[in-house]
Amino acid sequence: DAGITQSPRHKVTETGTPVTLRCHQTENHRYMYWYRQDPGHGLRLIHYSYGVKDTDKGEVSDGYSVSRSKTEDFLLTLESATSSQTSVYFCAISEGLSTDTQYFGPGTRLTVL
Amino acid sequence: AQKITQTQPGMFVQEKEAVTLDCTYDTSDQSYGLFWYKQPSSGEMIFLIYQGSYDEQNATEGRYSLNFQKARKSANLVISASQLGDSAMYFCAMRRFGTASKLTFGTGTRLQVTL
């Protein structure tokens, strides 16, 4: 199994508060991704990173920011959480080869009240 | 734009029987990969099998095989000899070849294996 951890695994917060989710990998993979999973939508890409300090937006990036100061860590921040951001968040990693597979972390369940 | 369609929200299969989970896709890309992931009730996403658009042979991984019909744009997952532990959500996904290319997921099929 790919060495990917996410923290926290569960979080309940209130509308308007900032929230940071962390993804940590031990595989030294170049690419890291944040997805959210909602009923009826499968998984959708929020942001991704192709190297330290190199990030780009996905299809549902509004309200989220990311940072990657080290190869092994990719942070997802909700600057001011809203109820629509209640979801399960998955981190994924890949080597960055053209045909490679993305491997997922265990997920973080976030509830915004 | 890419789109994945999984038309079976739920499926039942008896233990030891084979089951096919349907997946059709839409893309204008010539080079792409197709993936299946399993999500058990515990929530993690587990990679099962991969098929490249240029692969002539259908992919197989143990009890999993991917029935790839390029002209029909379908990539069905076949699970042989179902086990109780196969009960889970199954997601079909695709990405075009190229670095940092995102996965596009279908909405999933929930498989229940019965005795």
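It should be noted that the structure appears before, not after, this text.
Predicted model, so just to flag it, every value in this text is computed and none were measured.

Conventions used here
The written sequence of each chain sets the order in which its residues are numbered from 1. For naming, the first written chain is A and the first written ligand is 1, with later ones following in the order written. Given that the model is predicted, a residue must reach a pLDDT of at least 70 before its local features are reported, and side-chain atom pairs must reach 80 or more before they are shown or counted; all residues, however, enter totals for whole chains, interfaces and linings. The side-chain figures draw on all heavy atoms in the structure; neither hydrogens nor water molecules are used. Put simply, a salt bridge is a Lys or Arg side-chain nitrogen that is within 4 Å of an Asp or Glu carboxyl oxygen. In DSSP terms, a helix is any run of H or I states spanning at least four residues, a strand is any run of E spanning at least two, and both are numbered starting from the N terminus. Residue burial is assigned from relative accessible area. The probe radius is 1.4 Å, only protein chains are included, and a residue is buried under 20% of its type maximum, exposed over 50%, and partly exposed in between. Cysteine sulfur atoms are paired as a disulfide whenever they fall within 2.5 Å. As used in this structure description, the phrase polar contact means that two N or O atoms lie within 3.5 Å; if the pair is within protein, one of them must be able to donate a hydrogen and the other to accept it, and residues adjacent in sequence are counted only when both atoms belong to side chains. Pairs of residues are marked as contacts when any of their non-hydrogen atoms sit within 4.5 Å. Two strands qualify as a pair provided that DSSP identifies no fewer than 2 bridges between them. Once two parts are put together, the accessible area they lose, assessed with a 1.4 Å probe and summed over both, is termed the buried area. Residues are sorted three ways: Asp, Glu, Lys and Arg are charged, Ala, Val, Leu, Ile, Met, Phe, Trp, Tyr, Cys and Pro are nonpolar, and all the rest, Gly among them, are polar.

Asker: Explain the pattern of salt bridges to me, please; I cannot follow it from the model alone.
Answerer: Side chains that differ in sign of charge can pair as their charged atoms come close. This structure, assessed with the given rule, holds eight salt bridges over all chains. Of the charged contacts, one joins D86(B) and R63(B) as a salt bridge, the two residues approaching to 2.8 Å between their closest N and O atoms. Placement of the pair is D86(B) in the loop between β9 (74–79) and β10 (88–96) and R63(B) in the loop between β7 (60–61) and β8 (64–69), with a sequence separation of 23 residues. Taking the relative accessible area as the measure of exposure, D86(B) reaches 1% and is therefore buried. Each member of the salt-bridge network shares a partner with another, and the members are R22(A), K70(A) and D73(A).

Asker: Looking at this structure, I do not really get the state of the cysteines. What am I missing?
Answerer: Disulfide: a covalent bond formed between the sulfur atoms of two cysteine residues. Residue and element names in this part refer to chain A. As enumerated under the stated definition, the model contains two disulfides over all chains in all. One disulfide bridge connects C23 with C91, the sulfur atoms lying 1.9 Å from each other. The sign of the -70° torsion about the S-S bond sets the C23-C91 disulfide as left-handed. Taken together, the positions of C23 in strand β3 (residues 19–25) and C91 in strand β9 (residues 87–94) put the pair 68 residues apart, joining distant regions of the chain.

Asker: Explanation requested: the side chain of T27(B) in the structure shown.
Answerer: All names here are of chain B. Inspection of the secondary structure assignment puts T27 in the loop between β4 (24–26) and β5 (32–39). A distance of 3.1 Å separates a polar side-chain atom of T27 from the backbone nitrogen of D29. If sequence neighbours within four positions are ignored, T27 has contacts with A1, Q2, Y32, K73 and M94.

Asker: Explanation requested: the pairing of strand β7 (residues 64–70) of chain A in the structure shown.
Answerer: The side chains of a regular strand alternate between both faces of the sheet. All names here are of chain A. When β7 meets strand β8 (residues 73–78), the two strands line up antiparallel, connected through five bridges. Its bridge partner being in β8, V66 is matched across the sheet by L76. In this antiparallel pair of consecutive strands, β7 and β8, the connection spans two residues.

Asker: Which parts of the structure should I look at to understand unusual backbone geometry?
Answerer: Trans is the prevailing form of peptide bonds, just as negative phi is the prevailing case for residues other than glycine. That bond from S7(A) to P8(A) is cis: its omega, -10°, falls within 30 degrees of zero. Within the secondary structure, P8(A) sits in the loop between β1 (4–7) and β2 (10–13). For N28(A), which is not a glycine, the phi torsion comes out positive at approximately 60°. Of note, K73(B) is a non-glycine position whose phi angle comes to about 55°, a positive value. As for its placement among the helices and strands, K73(B) is situated in the loop between β8 and β9. Overall, the relative accessible area of 28% leaves K73(B) in the partly exposed class.

Asker: Help me understand the interface of chain A and chain B in this model?
Answerer: A common measure of how large an interface is: the accessible area buried when the components associate. Counting residues at the interface gives 22 residues for chain A, matched by 20 residues for chain B. Taken over both partners, the interface formed by chain A and chain B buries close to 1700 Å², and the fraction arising from carbon and sulfur atoms is 59%. Between chain A and chain B we count two salt bridges in total. One salt bridge connects E59(A) with K102(B), and the closest N-O pair in it is separated by 3.6 Å. For the interface between chain A and chain B, the tally reads four residue pairs in polar contact (both at pLDDT 80 or more). Here the residues of the side of chain A that touches chain B sort into 11 nonpolar, nine polar and two charged.

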